Amino acid sequence: MMRLVGFFSVLIVFAGINSCQSDEEIKRERYITEGILVYKNNCANCHQKKGEGLAALYPPIAGSDYLADKKSVICLIRYGQRGAIVVNGKPYNRIMPAQAQLSDLEVAELVTYIYNEWGGETKVTGVKAVTPVLDQCKK
């Protein structure tokens, strides 16, 4: 009986912790969770699981100076990259394929994950911010 009471006490404490989260924090966690899946399925093969890139072939995302321009990153995800780029002072010249199959929401989730994991942010980059950028990239 004592174990059961202890279990329910722990359950109540965890429920209380979760209920103290703001709607924005819950949304952020949801975006990050979904962003991790999008990253694993579409990005990790080249940029690696921890975002460190692959030798001189694929640039790192983790600690990347390229993250300074979020609009460029959003465009790059959807429309890809051809030609040479320089990341952290190193040249890379591999094609990054477009990820046109990703919805605006998936791009937002991916960007939220990348910037929260490796870009020093602690906020959501929502679909309302991503969609206008993607529309501008097309032009």
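Our structure is the block above this text.
The sections below set out a description of the structure shown in this document.

1. What to know about the pattern of salt bridges
Right, on to step 1. One pass over the structure, following the stated rule, counts four salt bridges.
Right, on to step 2. In this structure, Lys138 engages Asp135 in a salt bridge whose closest nitrogen and oxygen atoms are separated by 3.9 Å. One end of the pair is Lys138 and the other is Asp135, both in helix α6 (residues 127–138) and three residues apart, which spans about a single turn.
Right, on to step 3. A relative accessible area of 58% places Lys138 in the exposed class.

2. Section: helix α4 (residues 70–79)
Right, on to step 1. Looking at α4, one finds that the buried residues are Lys70, Val73, Ile74, Leu76, Ile77 and Arg78.
Right, on to step 2. The secondary structure elements touched by the buried residues of α4 are α5 (104–118) and α6.
Right, on to step 3. Backbone geometry just after α4 places Gly80 at a positive phi near 80°.

3. Structural notes on the state of the cysteines
Right, on to step 1. Considering all chains together, one arrives at one disulfide under this definition.
Right, on to step 2. Between the sulfur atoms of Cys75 and its disulfide partner Cys137 the distance amounts to 1.6 Å. With the S-S bond torsion at -65°, the cross-link from Cys75 to Cys137 turns out left-handed. With a gap of 62 residues between them, Cys75 in helix α4 and Cys137 in helix α6 connect regions that are remote in the sequence.
Right, on to step 3. The thiol of Cys43 is unpaired, and the distance to the nearest cysteine sulfur, on Cys46, comes to 8.8 Å.
Right, on to step 4. Here Cys43 falls in the buried class, since its relative accessible area comes to 12%.

4. Considerations on the packing of aromatic side chains
Describing an aromatic ring pair means giving the distance of the ring centres and the angle of the ring planes.
Right, on to step 1. The tally for this structure, following the rule as stated, stands at three aromatic pairs.
Right, on to step 2. Members of the aromatic cluster, each reached through a chain of ring pairs, are Tyr39, Tyr113 and Trp118.
Right, on to step 3. Sitting over the ring of Tyr115, Lys70 keeps its end group 4.7 Å from the ring centre.

5. Points about the packing of α4 against α6
Right, on to step 1. Look at α4 against α6: their axes get within 9 Å of each other, and the N-to-C directions meet at 70°. Taken together, α4 and α6 sit at an angle that is classed as roughly perpendicular. Both α4 and α6 take part in a crossing whose hand is right-handed. In this structure, α4 uses Lys71, Ile74, Cys75, Arg78 and Tyr79 to contact α6, whose residues at the interface are Val130, Val133, Leu134, Cys137 and Lys138.
Right, on to step 2. Taken together, the residues of the contact of α4 with α6 sort by class into seven nonpolar, no polar and three charged.

6. Looking at the layout of surface pockets
Where empty space is left in the structure can be found by rolling a water-sized probe over the atoms.
Right, on to step 1. Taken as a whole, the largest pocket encloses approximately 420 Å³ of empty space.
Right, on to step 2. Taken together, 26 residues line the largest pocket, and the ones lying closest to its centre are His47, Pro59, Ile61, Leu76 and Met96.
Right, on to step 3. Taken together, the elements giving at least two residues each to the lining of the largest pocket come down to α3 (44–47), α4 and β1 (85–87).
Right, on to step 4. Among the residues making up the lining of the largest pocket, the classes are represented as 18 nonpolar, seven polar and one charged.

Parameters at a glance
Residues numbered from 1 in each chain as written. Predicted model: local features only at pLDDT ≥ 70, side-chain atom pairs only at ≥ 80, totals over all residues. Heavy atoms only, no water. Salt bridge = Lys/Arg side-chain N within 4 Å of Asp/Glu carboxyl O. Helix = DSSP H or I, 4+ residues; strand = E, 2+ residues; numbered from the N terminus. Buried < 20%, exposed > 50% of the residue type's maximum accessible area, 1.4 Å probe, protein only. Contact = heavy atoms within 4.5 Å. Disulfide = S-S within 2.5 Å. Phe/Tyr/Trp six-rings, centres within 6.5 Å; stacked < 30°, edge-to-face > 60°. Lys NZ or Arg CZ within 6 Å of the ring centre and 35° of its normal. Axes fitted to C-alpha atoms, helices over the stretch in contact; angles between N-to-C directions. Parallel < 35°, antiparallel > 145°, perpendicular 65-115°, else oblique. Left-handed = near helix turned anticlockwise from the far one by under 90°. Nonpolar A, V, L, I, M, F, W, Y, C, P; charged D, E, K, R; others polar. 1 Å grid on protein atoms, 1.4 Å probe; cavity = no way out; pocket = protein on both sides within 12 Å on 5 of 7 lines; lining within 4 Å. Points joined across faces, edges and corners; volume = space filled by probe spheres on them.

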